[in-house]
Amino acid sequence: MAAPVGPVKFWKPGTEGPGVSVSEERQSPAESSSISVIYNPYASLSIEQQRQKLPIFKLRNHILYLVENYQTLVLIGETGCGKSTQIPQYLAEAGWAAEGRVVGVTQPRRVAAVSIAGRVADERGAVLGHEVGYCIRFDDCTDSQATRIKFLTDGMLVREMMADPLLTRYSVLMLDEAHERTLYTDIAIGLLRKIQKKRGDLRLIVASATLDAEKFKNFFNQNDTGDPSKDTSVILTVEGRTFPVDIFYIQSPVPDYVKSTVETAMKIHQMENDGDILAFLTGQEEVETVVSMLIEQARALSRTGMKKHLRVLPMYAGLPSPEQMKVFERVSHNVRKVVVATNVAETSITVRGIVFVIDCGFVKLRAYNPKTAIECLVVVPVSKASANQRAGRAGRNRSGKCYRLYTEEDFEKLPKSTVPEMQRSNLAPVILQLKALGIDNVLRFPFLSPPPAQSMVQALELLYALGVPSCKGGFCFRHSVLGSLSKLGTRTFTVAQKHVARMNSQPKPPGEMEREGLDMHCRLTEPLGMRIAEFPLNPMFAKMLLESGNFGCSQEILTIAAMMQIQNIFVIPPNQKSQAARRHRKFAVEEGDHLTMLNVYEAFVKHSKSSQWCQEHFLNYKGLVRASVVREQLKKLLVRFKVPKKSSEGDPDPVLRCIVSGFFANAAKFHSTGAYRTIRDDQELHIHPTSVLYAEKPPRWVVYNEVIQTAKYYMRDVTAVESAWLLELAPHFYQQVAVQDQHKAQTHLSLTAKRAKVGDQ
DNA sequence: TGGAAGTTA
């Protein structure tokens, strides 16, 4: 009996698929260690000859001319054209890196910065770290004297501006992958526009794969004369070296794309010749479901005597790395590989040999609700740009096919590109960074895509509560916030007006203002605000760290802060769930997740940071190593700020109180309804199933690091606290109120937030 | 009962 072939029906539109393919210069370390053999027609040529074969080589002089004559060049470089590796070399060869100047290239991801730098160093016969270098967090591989071409993450570029606001060392900066519109790329874009106004000699190349070029060009164009010949920015398109991808759409919408993915993969396997399959889904759970369904069907098919076998592999960021590496392994000729992946395979990881792509048409994205200050993950339709990027994964080595599990009509309805991260994030860290760079009036910052005004207000409010900026200063706040917001519409204006009125109604005693270092001009406060901004962390973590000396537990808090930056410390293999849970339970303490993580780390250190020990206890070894690196970095900052090195010697109370001093705004109380409610917004919350407090006797009061919304609102990283601590450590935020108990006709004391809700109208 | 993917001297 043949394995079931699903009812999925595709038709091919008359047009050929978009000829997109993956940039050949982006190789993750994982990929370069892969053993798959790729036919390279130019392998016998010298490096110089290979460079000249790249599509971009023909435009070398044209590019140099445009960089010479325009402040900003927007480069539509199709993948595979060689822009990331070649342009910096052209610039250096043309003298842009002479006299101690540097050509900088930014990347959204660390691995890309490192691997492209390595490639360029190879091409130039240079030792990595001399003429060509890279700089990412924890790894500065540059020589301040010798480095002429520097690759760095865009987050690192923003950090560099703190030390050198005009980036004086750089003659040219290339922002690569700008179309991805990550948070840091967008911050860098706004800052660079400001820098260009002060530094006419700084050249900018904005490299983008899609057609956002006009937007970039207009944003950077400083010509306000209306005469196009005076434009300061210009667009250039470079063709890529690509293979065509045929696109197939489904005839009528499918009710269940998970099932359809399985059916389509099986159909490809039975009908098509050689070539591996890559399927895009939205999350880990879907990936695992499809993997197990495919394995089952492939087994059934093998029993019927089909000679070609299927090797089904999951791929998502949370997958332990030995499992991830399997997708790069070569398979024998009678085996077809199916990689079932999340969006990680769209930009970050490139699997070679993919000929068939299955696109479910959806993606899981972060969304931010400025009203409740809660970030959540939502499954939404992909954008056209994303869908084309996915399709391009099939055309890397030879022509391929992409099966879209939606109709062509639905494709036409998709948004052109994904909403920039800036418009769907919590802005507190962004605003903090901008303020640290001396941008006091963040509402007038030149955002390429301005975030919602309410997100701004929410972020300012949190920063104020932490004692960071002096947004309570009255006139100044009215001027800077209201002045700018009023242009954005009446509703926003009303929100901000209420906000300011409330702030002004709560004057602070002078002593307190000094203690928090408030500044009447809405600048970052000295020293607290500036210090908080120096930490590469969410401001709540930074505040907690800076307070840790006062609680006599900086050692413990350093560990906790570092551990909280790492995801998936507990490893749970699907086939050893109960065994893993048993091991994990040994670390759990009744106080909650923070102290549990402290236990894990201390045990890790006690066992000499052994990977063997981690494996036995189902702990993420790489994650723990990373935590210890982060801890070292944070420790250096505490030393610099003269926070005393102290340990509470096993006493949990100082540690818990210190956590409250940073996370007091995230407090919730357990109600008789069986759920928690936030104190500030009365928002219903639940303990996340990954918390050690899940399914335990719920503590009456808790603080949490963050809330994520899936089926319900879940608190992650939860710790039990006492209400008295909240009142004592955040008296400006909470007050005690008498509450009438409905059932017992008694009153008892409870807490409410002093601040009213923003935008509650 | 369940988080996508990134990032910070």
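Residues numbered from 1 in each chain as written. Chains lettered and ligands numbered in written order. Predicted model: local features only at pLDDT ≥ 70, side-chain atom pairs only at ≥ 80, totals over all residues. Heavy atoms only, no water.

### Overview of the environment of V291
Working step 1: Positionally, V291 belongs in helix α10 (residues 284–303).
Working step 2: Taking relative accessible area as the criterion, V291 reaches 7% and is therefore assigned buried.
Working step 3: Through-space distance from the C-alpha of V291 to that of H62 is 49 Å; in sequence the pair is 229 residues apart.
Working step 4: Among residues more than four places away in sequence, those in contact with V291 are V312, L313, P314 and V340. (Helix = DSSP H or I, 4+ residues; strand = E, 2+ residues; numbered from the N terminus. Buried < 20%, exposed > 50% of the residue type's maximum accessible area, 1.4 Å probe, protein only. Contact = heavy atoms within 4.5 Å.)

### Describing the packing of helix α9 (residues 257–271) against α10
Working step 1: Close contact between α9 and α10 brings their axes to 10 Å; oriented N to C, the two are set at 40 degrees. Crossing hand, α9 versus α10: right-handed. Counting all contacts with α9, which are made through Y257, V258, K259, T261, V262, A265, M266, H269 and Q270, the residues of α10 involved are E286, T289, V290, M293, L294, Q297, A298 and L301. (Axes fitted to C-alpha atoms, helices over the stretch in contact; angles between N-to-C directions. Left-handed = near helix turned anticlockwise from the far one by under 90°.)

### Digging into the nonpolar core
Working step 1: The biggest cluster of nonpolar side chains holds 115 residues, and the ones touching the most others in it are L157, L192, F535, F664 and L726.
Working step 2: Leave out the neighbours within four places in its chain, and L192 touches L157, M161, L167, L173, L175, L202, L204 and F220.
Working step 3: In this structure, I116, A121, Y134 and V172 belong to the second largest nonpolar core, which totals 36 residues. (Core = buried A, V, L, I, M, F, W, Y, C linked by side-chain atoms within 4.5 Å.)

### Digging into helix α26 (residues 621–640)
Working step 1: Taking 1.5 Å as the rise per residue, α26 with 20 residues should run 28 Å; its terminal C-alpha atoms sit 29 Å apart, in good agreement.
Working step 2: Against α20 (528–534), α21 (539–547), α22 (554–564), α24 (593–606) and α25 (611–616) lie the buried residues of α26.
Working step 3: Backbone nitrogen of K622 and a side-chain oxygen of the N-cap are separated by 3.3 Å at the start of α26; the cap is N620.
Working step 4: K642 sits one or two residues past α26 and shows a positive phi near 55 degrees. (Expected span 1.5 Å × (residues − 1). Polar contact = N/O pair within 3.5 Å; in protein donor to acceptor, adjacent residues only side chain to side chain.)

### Description of the sheet that holds strand β20 (residues 684–687)
Working step 1: The five strands lie next to each other as β18-β19-β20-β22-β21, forming a closed barrel whose pairing is mixed. Taken pair by pair, the neighbouring strands of this sheet meet at an average axis angle of 50 degrees, ignoring direction.
Working step 2: Bridge count for strand β18 (residues 667–670) against strand β19 (residues 676–678) is three bridges, and the pairing is antiparallel. In the sheet register, F670 faces β19, and the bridge partner there is Y676. (Pairing = 2+ DSSP bridges.)

### Here's the deal with the protein's contact with DNA strand B
Working step 1: The environment of DNA strand B is formed by 37 residues, the closest being R159, A163, K364, E706 and T710.
Working step 2: Sugar and phosphate atoms represent 64% of those atoms of DNA strand B found within 4 Å of the protein.
Working step 3: Separating a base nitrogen of DNA strand B from a backbone N or O atom of P536 is a distance of 2.9 Å.
Working step 4: At 3.0 Å from a phosphate oxygen of DNA strand B is found a side-chain nitrogen or oxygen belonging to Y714.
Working step 5: Of all elements in the fold, only α6 (154–163), β15 (362–369), β21 (701–709) and β22 (713–721) reach the threshold of two or more residues within the surface near DNA strand B.
Working step 6: When residues in the surface near DNA strand B are grouped by element, the largest group, four residues, is from α6. (Near = heavy atom within 4 Å.)

### Description of the packing of aromatic side chains
Working step 1: Enumeration over the complete set of coordinates arrives at 14 aromatic pairs.
Working step 2: Ring centres of F541 and F663 lie 4.9 Å apart, and the angle between their planes is 75 degrees; this geometry places the pair in the edge-to-face category. Placement of F541 in helix α21 and of F663 in helix α27 (residues 652–663) is noted, with a sequence separation of 122 residues between them. A single burial state applies to F541 and to F663, both of which are buried.
Working step 3: Ring centres 5.3 Å apart and planes at 65 degrees place the aromatic pair F664 and F733 in the edge-to-face group. (Phe/Tyr/Trp six-rings, centres within 6.5 Å; stacked < 30°, edge-to-face > 60°.)

### Points about the UniProt feature "domain: Helicase C-terminal" (unreviewed entry) in chain A
Working step 1: UniProt's entry tags residues 261–438 with the feature "domain: Helicase C-terminal" (unreviewed entry), counted in the numbering of this structure.
Working step 2: Helix makes up 36% of residues 261–438 and strand 26%. Its end C-alpha atoms lie 50 Å apart. (UniProt positions renumbered as here; feature names shortened; annotations may be inferred.)

### Let's talk about the pattern of salt bridges
Working step 1: Under the defined criterion, the tally for this structure stands at 30 salt bridges.
Working step 2: Its salt-bridge partner being R60, residue E93 comes within 2.9 Å of it at the nearest N-O pair. Of this pair, E93 sits in helix α4 (residues 83–93) while R60 sits in helix α3 (residues 60–69), placing them 33 residues apart in sequence.
Working step 3: Since its relative accessible area comes to 36%, E93 is described here as partly exposed.
Working step 4: For R181, the salt bridge is made with D186, and the minimal N-O distance between the two is 2.7 Å. The same class applies to R181 as to D186, namely buried.
Working step 5: Each of E48, R51, R60, E93, R119, E123, R124 and E131 takes part in a single network of salt bridges with overlapping partners. (Salt bridge = Lys/Arg side-chain N within 4 Å of Asp/Glu carboxyl O.)

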